[in-house]
Each structure stands twice: as structure tokens, then as C-alpha cells.
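# Structure at a glance
Listed below, chain by chain, are the residues.
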Amino acid sequence: MNRQEEKGISQQIWDFLSSMRVGIGLLLALTVMSLYAATFLEHGEAMERVYTSWWFMGTLAVTAASLLVCSINRFPGIMKRVHVLKTDASPGWLDSLENRAEIAAAKRPEVLAEALKKKGFRTGISFDDGKYLISADKGRFGYLGSLVTHISLVLILAAGFYGVVAGDEGGAAGFAGRLIELPQYGFDVRIDDFTIAYRDDRSVEQYYSTLTVIENGIEVKQETIFVNRPLRHRGVNFYQSTYGWGVDVVFTNTVTGEGEEMLLTDGQRGFYHPLGIYVNVLRFFPDFTMTQGGMPTTRSVYPANPGVVFQFQDHHGQVIGEQFYIEPIGREIDLVDGFTMEFAGYRNYTGLQIIKQPGKPLALFASILLIVGLFLCFYIYPRRIWVRQGEDGVALVAGTSYRNKVGFGLEFEQITEKLKTVGGGQ
Amino acid sequence: MDPVFSEQAFFVSTFALYILAAIFYVYYFTSGKNSAGKRATYIAAAGLFTHTAAIVLRTVEAQRAPLSNQYEFASVFAFGIVLCYIILEQRYRARYQVFGAFVMPFAIIVMAYAATLPRDIRPLMPALQSWWLKFHVGTAIFAYGSFAIACGLAFMYLYRARREESGQLGFVAGKFPSLAVIDDFIYKTVAFGFLFQTLVIVTGAVWAEQAWGRYWGWDPKETWSLITWFIYAIYLHARFTRGWGGKKAAWFAILGFACVLFTYIGVNVLLPGLHSYR
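Once a new chain begins, its residue numbering starts again from 1 and follows that chain's sequence as written. Whichever chain is written first is A, and whichever ligand is written first is 1; the rest continue in order. This being a predicted model, a pLDDT of at least 70 is required before a residue's local features are given, and a value of 80 or more before pairs of side-chain atoms are given or counted; all residues contribute to the totals for chains, interfaces and linings. Side-chain descriptors were evaluated using all non-hydrogen atoms of the structure, hydrogens and water having been removed beforehand.

### Regarding the overall build of chain B
Which entries qualify depends on this criterion: Helix numbers and strand numbers start at the N terminus; a helix is a DSSP run of H or I with at least 4 residues, a strand a run of E with at least 2. Computation of the radius of gyration draws on C-alpha atoms alone. For the globule rule, the value is 2.2 Å times the number of residues to the power 0.38. Relative accessibility thresholds used throughout: buried, under 20% of the residue-type maximum; exposed, over 50%; partly exposed, between the two (1.4 Å probe, protein chains only). Contacts between residues were defined by any pair of non-hydrogen atoms, one from each residue, lying within 4.5 Å. Calculation of accessible area relied on Shrake-Rupley with a 1.4 Å probe; when residues are assessed, cover is drawn exclusively from the protein chains displayed.
Tallying secondary structure elements over chain B gives 9 helices and 0 strands in all. In terms of overall size, chain B behaves like a compact globule, its C-alpha atoms giving a radius of gyration of 19 Å where 278 residues would be expected to give roughly 19 Å. For chain B, the spread of C-alpha atoms along the principal axes amounts to about 60 × 50 × 30 Å. Sorting the 278 residues of chain B into buried and exposed places 61% on the buried side. Within chain B, counting contacts between residues at least 6 apart in sequence, those at least 24 apart form 78% of the total. When the accessible surface of chain B is split by element, carbon and sulfur atoms take 68% of a total near 11100 Å².

What follows is the structure, given as C-alpha cells:
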């Protein structure tokens, strides 16, 4: 209690953050929170609220602080172990190690050290009371594993946080020909073309949007994007995200021969002045059919039998005639007084996501660092071996490893065999 | 010969060989006869061979990597378990073959699950048409295969620990290696799996950025793979923490594999999201 009081509050926080138990506690807390959100909340907004809540973000921030504090705390010790060969191995301590063997001591220590060096060990020879002690270690960069791993995780969290703060997300949709103006990014993008490739079974194989980037009126580049291949320009990315249908509506006055064309998408209505009416496209069905209940539906996404469900409205928006009509493409409908209307054709528009994620390069770099760190952790395992000359012409070989006990046991056997035979004889 | 029929024939042979291998592993475990252990390994290896043939035939038939629905992943998942186990066995020169009796059943269960799934070959939806599919799912094979082994070993650990506490090892636990050795092998397999699980998440993030416009989006499958990662991270830290090692750590290795199964099956069945490929 006394010691606690002596410590300042900042020291207490530091100790708290550097504790492994607290680290495990934080991991458990994150597990419980994300498990709750991913499993028991509805996909979308409810989940989003958890992941953007102060308590979830706060836990992530404390985790980042904990990772950082652990790394700083352990940094000097790790660096010392990487740089300095441990040569203070007392006989009593060596006797306590799990891996031990005896060899003839008569050999020159240089010969034994050379044999260890050939196995990839760093070696040093010291003398104590006229008796030699060979110290050797290998895989010392493995000590760096957890440090690199933890730092990379801090960087990943930082990249995510930076992305939330500095990132930008939007969308745009349009038919071929539309210019998407993006003054905030200093360039515009024109949709040149949009096509859907279908398979024989009428399912969608791929969506293709051809886009041109225009900077200060000059066409900079043209690319065709599809799902899995975005357009990237000045840190802004354009993704093929969605699509929809539009129908060409043509009104004609057969008396004067005058006509008017409009392009309408689902839920959109267009006003025809000469008659003072709206045509309201309720829904376009690419492969029209009726359900058994008498509702319009589509058999597939392929335009095999396109049909339009629509209604007429007066200039107040009141429905004229039936609640809805169903018409195929290319059939002229007689209205009144020699006026006709026709759904002359259909087209697809493309829907793009426009996203700026400035944290991405850092996140990618940190991810690679994470993999390197884990590799160092798990596959470069530090081990140390000492050969101490003892009494009666015997030398004790003793070794210890940080991780990988079984693997080191096997390696230790091989090494002692080698040490027994090197320089001739047993 | 019809490739679909041959694929099925190879699949069934593989299933049979894995069961036979398990029987020999159990026989080796109870009798301790080296010849039985050798046979078990040969049969498991033969199973891997026919399994490879089945996977290759499906690749030819589908004209793509067979890694895109529940059946295809179940098949390569079982392949991953046996492959990782055989690698482990060979690395330690068959010293710890007793593990086979506790690992092969996992492969058999996953194969049985695969057998219940629809196996018709369907074309890939646009989001799945990517090179990253191979890396993303390919790394998952090793992660999940290795985690399955760790889970089997964790059961062995807990059983032996319980027998040791009761003071009587008994016939079964008496044939197990020491707790320290089992613990070391759980660590090795979790570590290998963890490295690959990290790769699964990283390759998934890179791919998601290309396909969906964000590298992380808290999709249920993404989140569950992260939960799995958290649980194994806890395992890795628990081993070095007083009061958290031993049995508690072993429980986390089991819990981790439960998360793997939930990510693979539970999320698809129960939680809708971008990853719902049936």
C-alpha cells in the first residue's frame, strides 16, 4: 500500500498499461464487444453504432496505449539481449537447465566454438579460474518478434483512426455520358460507357464502367473498371458498386409530328406539357412475369422480356385511371387526341462508390510488418548454449531456449553429438 | 471418364482412407506397435493423394480454384488438417504419432460435413472473381487445419491434466506424452495457425479494398475472423502469464477452434452479410 502511494499516478497508469494481465483483459473485452455486435445486432446501422461508440473506440485506444507502453518498457531489455552475448553463466545455474550433456573437456575451446559457429551460433570464450566457458547464442532476432508485432498493431490502429478522421466516402450514379463533378478533389470523371456481361444462364458475369478522368478540361486517362478493379486517381478510388435500369419514354403528337423524349429510372416521373400529365415509372422488370398472386416480378436479371410498371398522374400528382399499367418495350400506346406514348428502349446506369482512404498505405505497411513480426516470434527462436569446463576432464554442455522446447531438445542432441566428435575422438 | 463422377469417386476413397488411417492411429495408440504407426502414416498420405486428385479434378471441371462455397471449403479444410498433421509428424520424425488418433477424427468430421453439402459447380459472382480468392482461402486452409490439430491436442492436455490431478494416469493418459510436450505442440500448431490466420485477415483486407471499397468493414465474417484472432492472441499471451497457463491456455485453444467453426459455418447460416456464399 505504502509503495502504491509513493508511486505517482502517472507511474500507476504506466504500470497498469504494461501489465500482461491487463493486455489479456483488453483482448477479452474487445472479443466480447465485437462478438456481441457481430452476432446479436442487426447488420448495418445497429452494428455501426457499436463500432463507432465511445466505449469501443476507447477500448481500442487503451489497447493501443497498452501495446505502446509494453513495447517501450521492454525495448532496452530486448535490445540488450539482441546485442550482447550472455557470458555470465554460473555452474549452479547451468546445472539447473533442462538440456544438459557431458563431453570430454580436453578439446581446445576454439575448436568447440568453431563447431558451434558452423551451426550458426554467435560465440564467445571466457576463462574463469583457468577453466574455459564457451557462450553461444542463435536466433537472437527472434527476441524482436513481439516488439515488431506490437508496434505494427499500434500502426494498424493508427491507420484506421487516421482513415476515419481524414477519409471521405461518397457515391455517384449515372448513365453513359454523365460528368461527375468533384471540385473537392480537383478533377471530374465522365462515365463513357456501362455494360453488363451475362452468362448463358442469364446470371451476371461482370459489370463494366468505362470512366474518363478530366483535369482542367483535359482528359487525363480512361479506364474500364469492374468489380475487383477500381480506378485510382490522386488517392481517390472509384469502385463499381451497383447498377440500375432506365427507360426511354417517347411522347408523340401524331397530328403535328412533334415528339418529346425522356429517360426515367425506377420511381422517377416525367412531365409532358402538351397533355399536362406525369408518367410515373414505378418499376422496370428486365425479365417480366407475374407471380401466382398476380404481382409483377422478374425471372432473372437478364432483359429477356422487359416490361414497365407505371401510372399516369395529373399535374397535382393525382393518379389518372388505373393504379398501375404494365407495358412491354416498343409498343405504342394511344392516349387522347392523337397523342401517343411509347417505352422506346431501356438502358443501364452505373452506380459508383467514390472513396478516399488516406490510411491505406500505412495499414498495408503495418500489415506486412505484422507478418514479419509474427514470423520472427514463431520461427526465429532464440536459444543459448554454454560449454563449461569442469573437473575430471569433463565439460558440461547446457542449453536453454526461449520458446520451442521440443524442437530445441532435438537440436541440442545433434549439437552435443557434433561437439563430442569434433576435433577427433570421444 | 466424367470428371464429376471421378471427383466423387476420389472424394469417397479419400473419406475411406482417412477413416482407415484413424483406425490405424488408434491401433498404434493402444498397441504401441511401430508397424501400425507406419501404416497409419502411409494410409493418411494415400488419402492426401486421392484428396489432391479430387481437388484437381474439380479445378479442371470448374475451370477455377475450388475454393468458393461451403462444400469446396469443407473439402480443402479436411485436406488442410491432414496435410498440417503429416507435416508436423514428419518434422518430429514420428516421435509423437500418438497425436494422430486425436487429430484424424477432426478431418473425418469435416469430410462428413462436406458430404452433406450440395456440390454442384456454379459460376463465380463478380466479387469472387479475383486472384485474391486463392490467397485468402488458400491461407485459411493452413490456419484452420492447424487450429484443428491444436484443438485435438488441447483435449489431450486437459484429459491428462485431469488424470494427473486425480493421481492415476490410467491406460489412455498414460500413453500421452508429458503435459509439457503436449503444451509445446499446442503452442507450435497455434503459432503456425495464428500466422496464417493473420494472413487470411490481411489478404482478405487487401481484397475487400479492391472489391468493396474498404479494407475493413465489420462484416460479420470479418468480425468473427477477428474474434478468432483475439482468442488465439489471448492463448499466446496466457502461456506466459502466471495463473493463465496450462489448463486455462488449453481451454483457449479449444475456444479458438469453436470460433473457427462458427466463422465458417455459423456466420453463413445465421448472420447475413457480404460473405454469405452458400
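Having seen the model, we can carry on.
### Quick word on the overall build of chain A
We count it as follows: None of His or the chain ends enter the tally, which takes Lys and Arg as positive and Asp and Glu as negative. For charged residues, the charge sits on one atom: NZ in Lys, CZ in Arg, CG in Asp, CD in Glu.
Each helix and strand counted, chain A has 10 helices and 21 strands in total. What you see for chain A is a C-alpha radius of gyration of 37 Å, clearly larger than the 22 Å of a compact globule of 426 residues, by over 25%. Counting the 426 residues in chain A, one finds 45% classified as buried. The long-range fraction of contacts in chain A, counting pairs at least 24 apart against all pairs at least 6 apart in sequence, stands at 57%. Accessible surface for chain A amounts to roughly 22000 Å². Of this, 55% is attributable to carbon and sulfur atoms. Between the mean site of the 40 positive side-chain charges and the mean site of the 45 negative ones, chain A shows a separation of 17 Å.

### Digging into the sheet that holds strand β7 (residues 204-215) of chain A
All names here are of chain A. Just so we agree on the cut-off: Any two strands are treated as partners once DSSP identifies two or more bridges connecting them. Orientation is described by axes fitted as lines to C-alpha atoms, over the contacting stretch for helices, and by angles from 0 to 180 degrees between their N-to-C directions.
Reading across from one edge, β5-β6-β7-β8 is the order of the 4 strands in this open sheet, with antiparallel pairing throughout. The sheet is open, and its two borders are formed by β5 (179-182) and β8 (218-225), each paired with just one other strand. Ignoring strand direction, the axes of neighbouring strands in this sheet form an average angle of 20°. Bridge count between β5 and strand β6 (residues 187-198): 4 bridges; the pairing is antiparallel. Paired with I180 across the strands is V189, a residue of β6.

### Observations concerning the confidence of the model for chain B
To keep it simple, the criterion reads: Per-residue confidence from the predictor is reported as pLDDT, which spans 0 to 100.
For chain B, the average pLDDT comes to 92, and 97% of its residues sit at 70 or higher. If you check the scores for this complex, the pTM reads 0.91 and the ipTM reads 0.93.

### Details of the interface of chain A and chain B
Heads up, the condition is: Each of two parts loses accessible area, computed with a 1.4 Å probe, when they are put together; buried area is these two losses added. A pairing counts as a salt bridge when a side-chain nitrogen of Lys or Arg comes within 4 Å of a carboxyl oxygen of Asp or Glu.
Facing the 55 residues of chain A at the interface are 56 residues of chain B. Of the roughly 4500 Å² buried between chain A and chain B, counting both surfaces, carbon and sulfur atoms make up 67%. Applying the counting rule to chain A against chain B returns 3 salt bridges. B:E209 is the partner of A:K360 in a salt bridge, and the nearest nitrogen-oxygen pair spans 2.8 Å.

### Notes on the sheet that holds strand β13 (residues 277-285) of chain A
Residues and elements named next belong to chain A. The 4 strands lie next to each other as β12-β13-β16-β17, forming an open sheet whose pairing is antiparallel. Edge positions in the sheet fall to β12 (269-272) and β17 (319-328), since each has one partner strand and no second. Within the sheet, the average angular offset between the axes of one strand and its neighbour, ignoring direction, is 25°.

### A look at the packing of helix α9 (residues 360-379) of chain A against helix α7 (residues 179-212) of chain B
In a pair of packed helices, the angle between the axes and the distance between the axes together describe the arrangement. In plain terms, the rule: Throughout this description, any angle smaller than 35 degrees is read as roughly parallel, any larger than 145 degrees as roughly antiparallel, any in the 65 to 115 degree range as roughly perpendicular, and the remainder as oblique. In this scheme the handedness of a crossing depends on how the near helix is turned from the far one: anticlockwise by less than a right angle means left-handed, clockwise means right-handed.
Following both chains from N to C, one finds α9(A) and α7(B) inclined at 165°, their axes separated by 10 Å at the closest point. Between α9(A) and α7(B), the interaxial angle falls into the category roughly antiparallel. α7(B) is crossed by α9(A), and the crossing has left-handed handedness. In this structure, α9(A) contributes A:K360, A:L364, A:S367, A:L370, A:I371, A:L374, A:F375, A:C377, A:F378 and A:Y379 to the contact, and α7(B) contributes B:Y187, B:A191, B:F192, B:F194, B:L195, B:T198, B:L199, B:V202, B:V206 and B:E209.

### Here's the deal with a nonpolar patch on the surface
This is how it is decided: Patch membership is restricted to residues that have no salt bridge and whose relative accessible area is over 30%. Joining uses 9 Å for like charges and 5 Å for the nonpolar side chains Val, Leu, Ile, Met, Phe, Trp and Tyr.
A grouping of A:W14, A:L68, A:I72 and A:I151 is seen on the molecular surface, where their side chains present a nonpolar patch of about 310 Å² in accessible area. Note on placement: A:I72 falls in helix α5 (residues 54-83).

### Description of the side chain of A:N237
Let me state the cut-off plainly: N or O atoms closer than or at 3.5 Å make up a polar contact, with two conditions inside protein: a donor-capable atom paired with an acceptor-capable one, and, for residues adjacent in sequence, both atoms drawn from side chains.
Counting through the fold element by element, A:N237 comes out in strand β10 (residues 236-253). Looking at A:N237, the relative accessible area reads 4%, which means it is buried. A polar contact is formed between the side chain of A:N237 and the side chain of A:R232, at a distance of 3.1 Å. The contact partners of A:N237, leaving out residues within four places of it in the chain, are A:L231, A:R232, A:Q353, A:I354, A:I355, A:K360 and B:E209.

### Concerning the domain arrangement of chain A
The following threshold applies: In this entry, domain limits derive from an automatic or database-based domain assignment.
Assigned domains within chain A: domain 1 (3-80 + 145-165), domain 2 (85-139 + 383-423), domain 3 (168-244 + 352-369) and domain 4 (246-348). Distance from the C-alpha centre of domain 1 of chain A to the C-alpha centre of domain 4 of chain A: 58 Å.

### Some remarks on the packing of helix α4 (residues 100-115) of chain B against helix α5 (residues 132-166) of chain B
Residues and elements named next belong to chain B. At a minimum axis distance of 9 Å, the contact between α4 and α5 shows a crossing angle of 135°. Classed by the angle they form, the pair α4 and α5 counts as oblique. The handedness of the crossing between α4 and α5 comes out as right-handed. Contacts between α4 and α5 involve F102, V103 and F106 from the first element and A148, I149, C151, G152, F155 and M156 from the second.

### Points about the domain arrangement of chain B
All names here are of chain B. This is how the line gets drawn: We call Asp, Glu, Lys and Arg charged. Ala, Val, Leu, Ile, Met, Phe, Trp, Tyr, Cys and Pro are nonpolar, and the rest, Gly among them, are polar.
Along its sequence, chain B is carved into domain 1 (1-119) and domain 2 (127-278). Between domain 1 and domain 2, the C-alpha centre-to-centre distance is 20 Å. Residue-level contacts link 26 residues of domain 1 with 37 residues of domain 2. Our enumeration of links across domain 1 and domain 2 arrives at 0 salt bridges. Scanning the region where domain 1 abuts domain 2 turns up 4 residue pairs in polar contact (both at pLDDT 80 or more). Counting residues per element, the ones that place at least two in the side of domain 1 that touches domain 2 are α1 (3-31), α3 (70-91) and α4. Classifying every residue of the side of domain 1 that touches domain 2 by side-chain character gives 21 nonpolar, 5 polar and no charged.

### A short note on the layout of surface pockets
Worth spelling out the cut-off: Note on definitions: the grid is 1 Å and covers protein atoms alone; a cavity is a set of points where a 1.4 Å probe fits but cannot get out; a pocket is an open set with protein on both sides within 12 Å along at least five of seven lines; lining residues have an atom within 4 Å of a point. Grid points are joined across faces, edges and corners, and a volume is the space filled by probe spheres set on the points.
Approximately 470 Å³ is the volume found for the second largest pocket. Lining the second largest pocket are 27 residues; nearest its centre among them are A:E98, A:K405, A:V406, B:A180 and B:D184. At the level of secondary structure, the elements contributing two or more residues to the lining of the second largest pocket comprise β21 (394-401) and α10 (405-421) of chain A together with α7 of chain B. Taken together, the residues that form the lining of the second largest pocket break down as 10 nonpolar, 9 polar and 8 charged.

### Some points on the state of the cysteines
By definition, a disulfide links the sulfur atoms of two cysteine residues through a covalent bond. Residue and element names in this part refer to chain B. Let me state the cut-off plainly: Two cysteine sulfur atoms make up a disulfide if the distance between them is within 2.5 Å.
Scanning the model with the defined rule gives 0 disulfides over all chains in all. The cysteine C84 is free of any disulfide, with C151 supplying the nearest cysteine sulfur at 14 Å. By relative accessible area, C84 is classed as buried at 9%. Just so you know, C259 is unpaired, no disulfide at all, and the nearest cysteine sulfur is the one on C151, 11 Å from it. Under the relative-accessibility criterion, C259 is labelled buried at 8%.

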